[in-house]
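Examination of the molecular architecture
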Amino acid sequence: MRVKTTQEQTFADSFINIPNSQLDIINKVIDWEVIAKDLSHIKVDYSAVSLFKALLIGTWHNLMHLNSKR
């Protein structure tokens with residue numbers, strides 16, 4: 001997580017790219033264009049890649065309780 005500061009950036013800081021979140025890191029690691037090609041046959045109202053990303057986040061954070069016993 002990036003810490004906010006009121007200090008101005010130095011010359012060296014301009015060469016360093018600190019991601020704002022883990023999602024920024026994942027966005028650089030995964031080649032979304034390849035996934036977009038694989039999902040191009042799916043016809044939905046929203047972007048298939050956006051829906052795929054939502055499913056990934058839900059899976060990673062255990063948000064899907066299909067077999068939950070309440």
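Here, every reference points to the structure presented above.
To keep things clear, this report deals only with the structure shown in the data block. Every value quoted in this text rests on a predicted model; they were computed, and no experiment measured them. Residue numbering note: each chain is counted from 1, following its sequence as written. Owing to the predicted nature of the model, reporting of local features is limited to residues with pLDDT of at least 70; listing and counting of side-chain atom pairs is limited to 80 or more, with chain, interface and lining totals taken over all residues. The basis for every side-chain value is the complete set of heavy atoms in the structure, and neither hydrogens nor water enter the calculation.

So, about the packing of aromatic side chains. In summary, the pairing rule links any two rings of Phe, Tyr or Trp, Trp by its six-membered ring, whose centres are within 6.5 Å, and it sorts them by plane angle into stacked for under 30 degrees, edge-to-face for over 60 and tilted for everything else. The tally for this structure, following the rule as stated, stands at 2 aromatic pairs. With a centroid separation of 5.1 Å and 80° between ring planes, the pair formed by F11 and F15 is classed as edge-to-face. Exposure class is identical for F11 and F15. Each is exposed. Where W32 meets F52, the ring centres are 6.4 Å apart and the plane angle is 70°; that geometry is what we call edge-to-face. Taken together, the residues span a long stretch of sequence, with W32 in helix α2 (residues 32-38) and F52 in helix α3 (residues 48-60) at a distance of 20 residues. A ring is considered to have a charge above it if a Lys NZ or an Arg CZ atom is located within 6 Å of its centre and within 35 degrees of its normal. Cation over ring: K53 sits above W32, and NZ or CZ is 4.7 Å from the ring centre. Buried means the residue's accessible area, taken with a 1.4 Å probe over protein chains only, is under 20% of the maximum for its type, while exposed means over 50%, and partly exposed covers the values in between. Strands here are runs of E lasting at least two residues and helices are runs of H or I lasting at least four, both read from the DSSP assignment and numbered beginning at the N terminus.

Core analysis: the largest hydrophobic core is formed by 6 residues, namely W32, I35, L39, A48, V49 and L56. Breaking this core down by element, the ones donating at least two residues are α2 and α3. Top element by residues in this core is α3. It accounts for 3 residues. Put simply, buried Ala, Val, Leu, Ile, Met, Phe, Trp, Tyr and Cys residues joined by side-chain atoms within 4.5 Å make one nonpolar core.

Let's shift gears to α3. The span expected for a helix works out to 1.5 Å for each residue beyond the first. Compared with an ideal rise of 1.5 Å per residue, which puts 13 residues at 18 Å, α3 spans 18 Å between its outermost C-alpha atoms and is within 8% of the ideal. For α3, the set of buried residues is A48, V49, L56 and G58. Those residues of α3 hidden inside the fold are in contact with α2. Positive backbone phi, at 55°, marks N62, one or two positions downstream of α3. We call two residues in contact when some of their heavy atoms are within 4.5 Å.

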